[in-house]
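The lines below spell out each chain.
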Amino acid sequence: MRPSHEQPDERPTVTKPKEWAAGLPGVAHALEYSLGQTSVPRTATTLLAINQPDGIDCPGCAWADPTPGHRHRNEYCENGAKHINDEATSRRITSDFFRQYSVTDLNRQSDLWLNQQGRLTEPMVKRPDSDHYEPISWPEALGLLAGELKALDSPDEAAFYTSGRVSNEAAFVLQLFARAFGTNNLPDCSNLCHESSGFALSETLGTGKGTVSLEDIHHADLIFLVGQNPGSNHPRQLSALEEAKNNGARIIAVNPLPEAGLLRFKNPQKPRGIAGRGVRIADRFLQIRSGGDLALFQGLNRLLLEAEDARPGTVLDHDFIRSNTSGFEEFSQHARTIAWEDILAATGLTRTEIEQAGDDVLRSERVIVCWAMGVTQHRHAVPTVREIVNFLLLRGNLGKPGAGACPVRGHSNVQGDRTMGIWERMPDNFLDSLQEEFGFEPPRAHGVDAVNAIRGMRDGHIKVFVGVAGNFVRAAPDSDATEDAIRRCSLTAHISTKLNRSHTVCGRTALILPALGRTERDIQATGEQFVTVEDSMSEVHTSQGRLEPASRTLLSEVAILCRLARLTLDGKANIPWDQFEGDYGLIRDRISRVIAGFQHFNRRVVRPGGIRLPNPVNEGVFPTPAGKALFTRNAWQMPEVPEGHLVLQTLRSHDQWNTIPYTDNDRYRGIHGGRRVVLVNPADLARLALEEGQLVDLVGVWGDGVERRAEGFRTVPYPTAVGCAAAYYPETNVLLPLDSVAETSNQPTAKGIVVRLEPAAGE
Ligand SMILES: Nc1nc2c(c(=O)[nH]1)N[C@H]1C(S)=C(S)[C@@H](COP(=O)(O)OP(=O)(O)OC[C@H]3O[C@@H](n4cnc5c(=O)[nH]c(N)nc54)[C@H](O)[C@@H]3O)O[C@H]1N2
Ligand SMILES: Nc1nc2c(c(=O)[nH]1)N[C@H]1C(S)=C(S)[C@@H](COP(=O)(O)OP(=O)(O)OC[C@H]3O[C@@H](n4cnc5c(=O)[nH]c(N)nc54)[C@H](O)[C@@H]3O)O[C@H]1N2
Ligand code: SF4
Ligand SMILES: [Mo]
């Protein structure tokens, strides 16, 4: 029997899904949530500072800000306002709270409840023989963690997880500490997010980052939105798409779900947007089957090759292909062998639908493909992104204005953390620079990623787990396996702002190390500090908190990590941790010497708008071993779906931030008062002889003989693609087998899970 927080909800109310995103209700909901968390003055302070040139970078998603002269006074979306005020909440957790609730009590509560208790205010420890957290001083807490790290037989018995809200400065310090300590065990949320994009782009283009700017979006002729839900997850992307449409762009949305933001957008920053019908976003909606995107792009590529055969010299960009790419011949031979019937079966689309999209492509000089988790969280995610690159290369849609590849990143600084060296497999040139700058020999063997960290803890090789932001226990796949693995650790420590399940499912000893958030003033020995972040479009800019800290005991992430490093390393490597803690400018000086593109970092980053890191592709350089962009031959592996089964995707509601639900509602999808729901096409419900609102268990089918069951979900008839169901993460992470990962990138397949729906016992 599952704990009480996994019991079914009361029957949620279900209304018709919305066909448009934002507008006045969006503004109202943002204020309602914000004022439920904190006071009017604090809300006003955060909201006026959010995304302004000298203000607080929105702690929500990584969508880029317009250039400073073009920003609105309110440069944020409904969800940005919720994310920032979830951190700025006036609620506090003190040591009394932990006296009242044991760890076992807390673990019975829902993720939503844990988050709603407010900000963590003082360091706490759970000792091996106790079921309660108790207060501990900072020196004792950090001394305990340092002592445990020093006592390990090998530095590789520790793993340091990072979530993408962490600033560049803290990330740089963290990776420096881990490598000086002697390990590359730096798993991060990117392993669960865009790892597949990074692998595919690095292999084919020689750089793991997207190539487009906001300007490019505004000036594209055609934009594909593949596997992403911008209305909830990157709301200001809709403003950029609106501008592109005003400039004449067409938009093709590819998704199993008709998401509200893909259909229409009412821009809350324009009077017409609030009152009127809004702008139609997608000119074409391709309701694809789960995992069908590789086949779709192969179909489009085949159409382009055939159009070139029919009208030689008019379709492909031969100059571009000749001078910048290799592998075209092998690719084009392969592309012609893929059978249409296989493409249609994999996509669930008609040939006419694909041909019409192909005609849009032929009419467009400048094409951008945007994608997110609907692409990266499949078994064949890496080949899918490679095929998107083939598609862009064929007509020279890379390295020119208004065209390119746009992996839309999740966390506000997930891309920056990678730039700073948070990766278990940083290339040698980065490690060489680190060695030259700091004079120690960084370890060269690759460390563990998120999935391998779980395996390492399970098998007893990793004994200490340190989480720098995030909620690893809930973000990771295979919840039961992950929880067992974490519980085997001798010590787990989390640098956090809010309470979450990673504090209640913990090692024998556990530490909560409460940190300042981005909204708060950060005052160190040399005065008030700011930090820097990098958005999805490689723009690096400052972020400076405005609010008084939630508690006087809080330390900044940089301070916690510098103090931990000093205590653990005992002077090894002669790194001036105290000075770094006192003046973040000194950290940025080191970044400017270690990482390409950051010359004169301190001086340049304070200019309005900050720095745009150069992308070699936009300078016509493809830094692959061959010095050219690569065409590749790709094959898909659709999961086998036995009769009576569905392919389940796990996704976000409108009202959650990753593992943290803010409410039980998903307004655009018309679901209120419950998260344990499964969205199923009405034809599938009929075929499976299930009723609307019936209570079912989701039972995972995977070849390892383990039965994975998520109990007590209500069915909701929903216009999703036939055969493709959807349910919220993290409630469904119990269904993701640890070993079900994307080829080569090792990213968990959170979107392609084969399940059956069993009527729940007692119904
Ligand atoms: N409000 C809010 N904003 C967020 C987050 C949040 O939790 N809440 N999380 C942030 C983070 S870390 C990330 S990574 C991003 C995630 O942003 P998204 O990638 O938009 O997130 P998901 O909710 O996982 O939605 C995946 C989308 O892909 C579609 N999809 C699923 N399977 C397929 C498929 O096989 N093919 C295609 N073409 N589409 C498919 C789904 O229907 C859905 O629309 O959002 C960021 N922004
Ligand atoms: N099934 C399934 N699983 C998934 C996904 C999916 O689509 N489906 N998506 C995956 C993706 S894309 C991602 S990115 C991961 C997300 O995984 P994570 O990044 O690990 O999770 P979050 O929910 O963002 O972490 C929230 C916690 O971060 C802490 N926090 C917030 N702000 C700060 C801060 O400023 N400083 C510090 N120190 N702590 C802070 C708070 O304590 C909060 O409770 O989940 C992944 N897991
Ligand atoms: S689009 Fe993303 S970064 Fe911009 S305000 Fe909304 S949540 Fe914040
Ligand atoms: Mo993410």
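It should be emphasised that the depicted structure is a prediction, and the values quoted were computed from it without experimental measurement. (Residues numbered from 1 in each chain as written. Chains lettered and ligands numbered in written order. Predicted model: local features only at pLDDT ≥ 70, side-chain atom pairs only at ≥ 80, totals over all residues. Heavy atoms only, no water.)

### Some details on the site of ligand 2
Threshold: Being near a molecule or strand, for a residue, means having at least one of its heavy atoms within 4 Å of it. Distance and chemistry together define a polar contact, namely a pair of N or O atoms within 3.5 Å, with one atom able to donate a hydrogen and the other to accept it when in protein, and with adjacent residues in sequence counting only for side-chain atoms on both sides. Areas reported here follow the Shrake-Rupley algorithm with a probe of radius 1.4 Å; residue values treat only the protein chains shown as occluding. Each residue is assigned to one of three groups, with Ala, Val, Leu, Ile, Met, Phe, Trp, Tyr, Cys and Pro labelled nonpolar, Asp, Glu, Lys and Arg labelled charged, and all others, Gly among them, labelled polar. Where each domain starts and ends follows an automatic or database-derived domain assignment.
In the neighbourhood of ligand 2, 30 residues make up the surrounding shell, with Tyr 161, Ser 163, Glu 557, Thr 659 and Asn 733 lying closest. Within the contact set of ligand 2, an oxygen atom lies 2.6 Å away from a side-chain nitrogen or oxygen of Tyr 161. Separating a nitrogen atom of ligand 2 from a side-chain N or O atom of Thr 650 is a distance of 2.9 Å. Isolated, ligand 2 exposes 920 Å² of accessible area, and the fraction of that covered by the protein chains is 97%. For the shell around ligand 2, a count of residues per class yields 13 nonpolar, 12 polar and 5 charged. Both domains that furnish three or more residues to the shell around ligand 2 are identified here as domain 1 (4-16 + 640-759) and domain 2 (92-193 + 413-598).

### Overview of the sheet that holds strand S22 (residues 539-543)
As a reminder, the rule being used: A pair of strands is considered paired only if DSSP assigns at least 2 bridges between the two. Strands are runs of DSSP state E lasting at least two residues, helices are runs of H or I lasting at least four, and both sets are numbered from the N terminus onward. Contacts are assigned to residue pairs that have any heavy atoms within 4.5 Å of one another. Lines are fitted to the C-alpha atoms to define the axes, a helix being fitted only along its stretch in contact, and any angle between axes, read from their N-to-C directions, falls within 0 to 180 degrees.
The strand order across the open sheet built from 3 strands is S21-S22-S23, with neighbouring strands paired in antiparallel fashion. Looking along the sheet, the strands with just one partner apiece sit at the ends: strand S21 (531-534) and strand S23 (611-612). For S22 and S23, the ladder comprises 2 bridges, and the chain directions are antiparallel. Note that in S23 the partner of Glu 539 across the bridge is Arg 612. With respect to the sheet, helix H8 (residues 168-181) is in contact with S21 and S22, its orientation differing from that of S21 by roughly 90 degrees.

### Remarks on the pairing of strand S16 (residues 464-468)
Stated precisely, the cut-off is as follows: Relative accessible area decides the class of each residue, using a 1.4 Å probe on protein chains only: under 20% of the type maximum gives buried, over 50% gives exposed, and in between gives partly exposed.
Where burial is concerned, most of S16 is hidden: 5 out of the 5 residues are buried. Burial along S16 is two-sided: Val 464, Val 466 and Val 468 and Phe 465 and Gly 467, pointing in opposite directions, are all buried. Pairing between strand S7 (residues 158-162) and S16: 5 bridges, direction parallel. Note on S16: the bridge partner recorded for Ala 158 is Val 464. Relative to strand S17 (residues 491-496), S16 runs parallel, the two being bridged by 5 bridges.

### Description of unusual backbone geometry
Tyr 729 connects to Pro 730 through a cis peptide bond whose omega is 5 degrees. The topology assignment puts Pro 730 in the loop between strand S32 (724-728) and strand S33 (753-759). With phi around 50 degrees, His 600 is a residue other than glycine that occupies positive phi space. Following the sequence through the fold, His 600 ends up in the loop between helix H30 (584-594) and helix H31 (601-605).

### So, the pattern of salt bridges
Proximity of charged atoms lets side chains of opposite charge pair with each other. What counts here: A pair is scored as a salt bridge if a Lys or Arg side-chain nitrogen falls within 4 Å of a carboxyl oxygen belonging to Asp or Glu.
Considering all chains together, one arrives at 51 salt bridges under this definition. For the salt bridge of Glu 355 with Arg 351, the shortest nitrogen-to-oxygen distance reads 3.0 Å. Placement of the pair is Glu 355 and Arg 351 together in helix H19 (residues 351-362), with a separation of 4 residues, close to one helical turn. Glu 355 gets classed as partly exposed once you look at its relative accessible area, which sits at 31%. Residue class for Arg 351 comes out partly exposed when judged on its relative accessible area of 34%. With a shortest N-O distance of 3.2 Å, Asp 428 and Arg 444 are connected by a salt bridge.

### Brief notes about the UniProt feature "domain: Molybdopterin dinucleotide-binding" (unreviewed entry) in the protein chain
Put simply, the rule reads: UniProt positions are given in the numbering used here, feature names are shortened, and annotations may be inferred rather than shown by experiment.
When the UniProt feature table is mapped to this numbering, "domain: Molybdopterin dinucleotide-binding" (unreviewed entry) covers residues 646-752. Taken end to end, residues 646-752 is 6% helix and 35% strand, and its first and last C-alpha atoms sit 10 Å apart.

### Things to note about the packing of aromatic side chains
Quick note on the threshold: Under the pairing criterion, centres of Phe, Tyr and Trp rings, with the six-membered ring standing for Trp, must be within 6.5 Å; the plane angle then separates stacked pairs below 30 degrees from edge-to-face pairs above 60, leaving the rest tilted. Any Lys NZ or Arg CZ found within 6 Å of a ring centre and within 35 degrees of that ring's normal is scored as a charge over the ring.
Summed over the entire model, instances satisfying the criterion amount to 21 aromatic pairs. Judged by centre distance (6.3 Å) and plane angle (25 degrees), the rings of Tyr 161 and Phe 465 are stacked. Here Tyr 161, found in strand S7, pairs with Phe 465, found in strand S16; they are 304 residues apart in sequence, far enough to count as distant. By the burial criterion, Tyr 161 is buried, and Phe 465 matches it. Seen from the ring of Trp 20, Lys 266 lies directly overhead, with NZ or CZ sitting 3.8 Å from the centre.

### Comments concerning the site of ligand 3
Within the structure, ligand 3 sits among Asn 51, Cys 58, Cys 61, Tyr 76, Cys 77, Gly 80, His 83, Pro 235 and Arg 236. Across the shell around ligand 3, the residue classes break down as 5 nonpolar, 3 polar and 1 charged.

### Quick look at the sheet that holds strand S6 (residues 133-135)
What the 6 strands build is an open sheet, ordered S6-S5-S18-S17-S16-S7; its pairing is mixed. Only two strands of the sheet have a single neighbouring strand rather than two, namely S6 and S7. If you compare each strand with its neighbour and ignore which way they point, the axes differ by 15 degrees on average. In the sheet, strand S5 (residues 124-126) pairs with strand S18 (residues 509-514) via 3 bridges, with the strands oriented antiparallel. Bridging from a neighbouring strand, Val 125 pairs with Leu 511 of S18. Sitting on the sheet, helix H28 (residues 557-569) touches S16, S17 and S18, and the angle it makes with S17 is about 145 degrees.

### Comments concerning the domain arrangement of the protein chain
Interfaces are frequently sized by the accessible area removed from exposure as the parts join. The following threshold applies: Note: buried area is the sum, over both parts, of the accessible area (probe 1.4 Å) each one loses when the two are combined.
Here the protein chain is partitioned into domain 1 (4-16 + 640-759), domain 2 (92-193 + 413-598) and domain 3 (195-407). Between domain 1 and domain 2, the C-alpha centre-to-centre distance is 31 Å. Contact residues are listed per partner, giving 25 residues for domain 1 and 28 residues for domain 2. Roughly 2,100 Å² is buried in total at the junction of domain 1 and domain 2, and carbon and sulfur atoms are behind 49% of that figure. Counting across the domain 1 and domain 2 interface gives 2 salt bridges. A salt bridge links Arg 708 to Asp 478; the nearest nitrogen and oxygen atoms lie 3.1 Å apart. Across the contact surface, domain 1 and domain 2 share 14 residue pairs in polar contact (both at pLDDT 80 or more). Tallied by class, the residues present in the side of domain 1 that touches domain 2 amount to 12 nonpolar, 8 polar and 5 charged.

### A look at the environment of Ile 486
Residue placement: Ile 486 occurs in helix H26 (residues 479-487). Residue Ile 486 is classed as buried on the basis of its relative accessible area, which comes to 1%. Along the sequence, Ile 486 and Ile 454 sit 32 residues apart, while their C-alpha atoms lie 7.5 Å from each other. Excluding residues within four positions of it along the chain, Ile 486 makes contact with Met 457, Phe 465, Phe 472, Val 473, Thr 492, Val 505, Cys 506 and Gly 507.

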